[in-house]
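Results of the structural survey
Now for the letters of each chain:
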Amino acid sequence: MQRAFAELYQAEVYPPMSHPSADPAVIAGVARFFGVGVSKVERARILEIGCGTGHHLLSVASCWPSAECVGLDVSRKYIARAKNLARQAGLKNVSFNEGSILEFEPEGEFDFIIAHGVFSWVSNEVKVGMMDFIGKRLSKDGIAVVSFNVVAGWRERMLVVEKVRAIQEAGGVDEMTALAVFKTVASDRESEIVDDMLAKGEEVLACDDFGPMTDAWSLGAMLKLAELSDLRWLGDSVTGARGDDAADEKCKTTFRSEMFCRSDLLLGESMPIPEQVDENFKVPNFPKLNSWRLVCARECLPLVDPKLKSCVFPFSQIKVLSAMDGSRSLMDLADYSREVSPELDFLPWLKYVAERGFFS
Ligand SMILES: C[S@@+](CC[C@H](N)C(=O)[O-])C[C@H]1O[C@@H](n2cnc3c(N)ncnc32)[C@H](O)[C@@H]1O
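What counts and how
Residues numbered from 1 in each chain as written. Predicted model: local features only at pLDDT ≥ 70, side-chain atom pairs only at ≥ 80, totals over all residues. Heavy atoms only, no water. Helix = DSSP H or I, 4+ residues; strand = E, 2+ residues; numbered from the N terminus. Expected span 1.5 Å × (residues − 1). Buried < 20%, exposed > 50% of the residue type's maximum accessible area, 1.4 Å probe, protein only. Arc of directions from axis to C-beta. Contact = heavy atoms within 4.5 Å. pLDDT = per-residue confidence, 0-100. Pairing = 2+ DSSP bridges. Axes fitted to C-alpha atoms, helices over the stretch in contact; angles between N-to-C directions. Core = buried A, V, L, I, M, F, W, Y, C linked by side-chain atoms within 4.5 Å. Domains from an automatic or database assignment. Buried area = accessible area lost by both parts, 1.4 Å probe. Salt bridge = Lys/Arg side-chain N within 4 Å of Asp/Glu carboxyl O. Polar contact = N/O pair within 3.5 Å; in protein donor to acceptor, adjacent residues only side chain to side chain.

**Digging into helix α8 (residues 188-200)**
Note on helix geometry: an α-helix contains 3.6 residues per turn, so any two residues three or four positions apart are oriented the same way. Compared with an ideal rise of 1.5 Å per residue, which puts 13 residues at 18 Å, α8 spans 19 Å between its outermost C-alpha atoms and is within 8% of the ideal. Of the positions making up α8, those classed as buried are Glu190, Ser191, Ile193, Val194 and Met197. One side of α8 carries all its buried residues, which in axial view fall inside an arc of 160°. Structural note: α8 exposes Asp188 and Ala199 on the side pointing more than 90 degrees away from its buried face. The inward-facing, buried residues of α8 contact α6 (151-171), α7 (175-183) and α9 (202-207).

**Some thoughts on the confidence of the model for the chain**
The share of residues in the chain with pLDDT of 70 or more is 91%, and the mean pLDDT across the chain is 87. Per-element averaging of pLDDT across the chain places helix α1 (residues 2-11) at the bottom with 61 and strand β1 (residues 45-49) at the top with 98. This stretch, residues 272-278, has a pLDDT under 50; its non-local contacts, to residues over four places away or in other chains, come to 12 contacts.

**Topic: the sheet that holds strand β3 (residues 94-98)**
With respect to topology, seven strands assemble into an open sheet ordered β3-β2-β1-β4-β5-β7-β6, the strand pairing being mixed. Since the sheet does not close on itself, it has two edges, and those belong to β3 and β6 (231-236), each with one partner. With direction set aside, neighbouring strand axes in the sheet form an average angle of 20°. Relative to β3, strand β2 (residues 68-73) runs parallel, the two sharing five bridges. In the sheet register, Asp73 faces β3, and the bridge partner there is Glu98. Across the sheet, helix α2 (residues 24-31) lies against β1, β4 (110-115), β5 (138-149), β6 and β7 (255-262), angled at about 105° from β4, the strand it touches most. Strands in contact with helix α4 (residues 76-89) are β2 and β3; relative to β3, the strand with the most contacts, it is inclined by about 165°.

**A few points about the pairing of β6**
Here β6 lies mainly inside the structure; five of its six residues are buried. Relative to β7, β6 runs antiparallel, the two being bridged by five bridges. Directly across from Gly235, in β7, lies its bridge partner Met259.

**Quick notes on the nonpolar core**
Core analysis: the biggest nonpolar cluster contains 33 residues, and Ile46, Val94, Phe96, Phe112, Ile143 and Met259 have the highest contact counts within it. At the level of elements, α2, α3 (55-63), α4, β3, β4, β5 and β7 are the ones that each hand at least two residues to this core. When residues no more than four places from it in sequence are discounted, the contact partners of Ile143 are Ile27, Ala31, Val36, Val38, Asp111, Phe112, Ile113, Leu138, Leu234, Met259, Phe260 and Cys261. Core analysis: the second largest hydrophobic core is formed by 31 residues, Leu47, Phe110, Ile113 and Ala226 among them.

**Overview of the domain arrangement of the chain**
When the parts of a complex come together, some accessible area is lost, and that lost area is often used as the size of the interface. Annotation of the chain at the domain level lists domain 1 (2-150 + 216-262), domain 2 (152-207) and domain 3 (274-355). On a C-alpha basis, the centroid separation for the pair domain 1 and domain 2 is 28 Å. With 16 residues of domain 1 in contact, the opposing surface of domain 2 contributes 11 residues. Buried surface at the junction of domain 1 and domain 2, both sides included, amounts to about 1,100 Å², of which 64% is carbon and sulfur. For Glu249, the salt bridge goes to Arg155, with nearest N and O atoms at 2.9 Å. One can count six residue pairs in polar contact (both at pLDDT 80 or more) joining domain 1 with domain 2.

**Looking at the pattern of salt bridges**
Per the stated rule, a full pass over the model turns up 21 salt bridges. The shortest N-O distance in the salt bridge between Arg189 and Glu192 comes to 2.7 Å. One end of the pair is Arg189 and the other is Glu192, both in helix α8 and three residues apart, which spans about a single turn. Here Arg189 falls in the partly exposed class, since its relative accessible area comes to 33%. Of the charged contacts, one joins Arg298 and Asp325 as a salt bridge, the two residues approaching to 3.6 Å between their closest N and O atoms. Within this pair, whereas Arg298 is found in helix α12 (residues 291-298), its partner Asp325 is found in the loop between α13 (315-322) and α14 (330-340), the two being separated by 27 residues in sequence. You can call Asp325 partly exposed: its relative accessible area is 31%. In the salt-bridge network here, residues are joined through shared partners; they are Arg157, Asp196, Lys200, Asp208 and Asp209.

Written out as structure tokens, the structure reads:
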């Protein structure tokens, strides 16, 4: 199975993608919600494990010219392409290495270690080796982001994959055609899953849902492995929330992108932004962001406070902010928040939003 996957990567090019949840600036922003004041991104050492053709890391390197970016991937073809792209773009602050994480011995430690879309696509030996590497090579206040497929949501996806494969075999058609055929007879829930698969596109599906390996884990199992690697779990780099296996089962979570720091790092207070507190803040009965902040929320851009300081909110909180157009009462918003951001302690959070002057 692992061999089939390695061959797939040598033969085909995984679509070039960049990942907002693995942007060091976003990671550093979300880490503040968990009381970690990470090193400045500007001069950070950033490692991406399983960097593919380097699309994400090259984007990071071009944003942060004084940061040192290092990419690692086992695929010769991908690393050759990544090096070529770096040369063409004239980027001097990024280097790419061909090889497995099991044998990788770079110099020093890293302030950010990113492993996006790797954990569920490698053998258990590589999973353990990767987490062990991260535990040993993360700097004192460094942050690692490791994403993985979650078994709670993946279970029902695999049932859909089995049915679609049966249609493929019977009709001798490709995956996309078989998906479209299956959709005509699928239940509502199956139809939602099919839509999500179709939206990913053929190339991603070939390595993902229909790939030779998509090993889904539970959060609990992941956290046990992290603990064994001397890593401390902070929370999700997309939602800024934590959650647990029971919540994942309820929400049928399919994917997590989790942040870890060293187990010996002492956490400070979360979101300490005291100098921005407005003593005259007031939580309105019908919270309303001004039109620019509403645009920022709806476009998932950082919201800027009256002192022109940006604030990165996790995606689930952005959804609540997007609903603050003055048409919903506090009670309505609290209900909505429970629906889209169940982990959020709504009233204290709203007070914080008011303190930052977002309603002025
Ligand atoms: C699903 S792709 C993800 C690529 C990219 N990180 C992304 O999310 O777009 C997984 C990548 O992990 C790489 N990989 C697999 N096993 C590896 C190993 N042992 N060490 C380093 N990279 C590995 C593959 O070659 C492939 O490029």
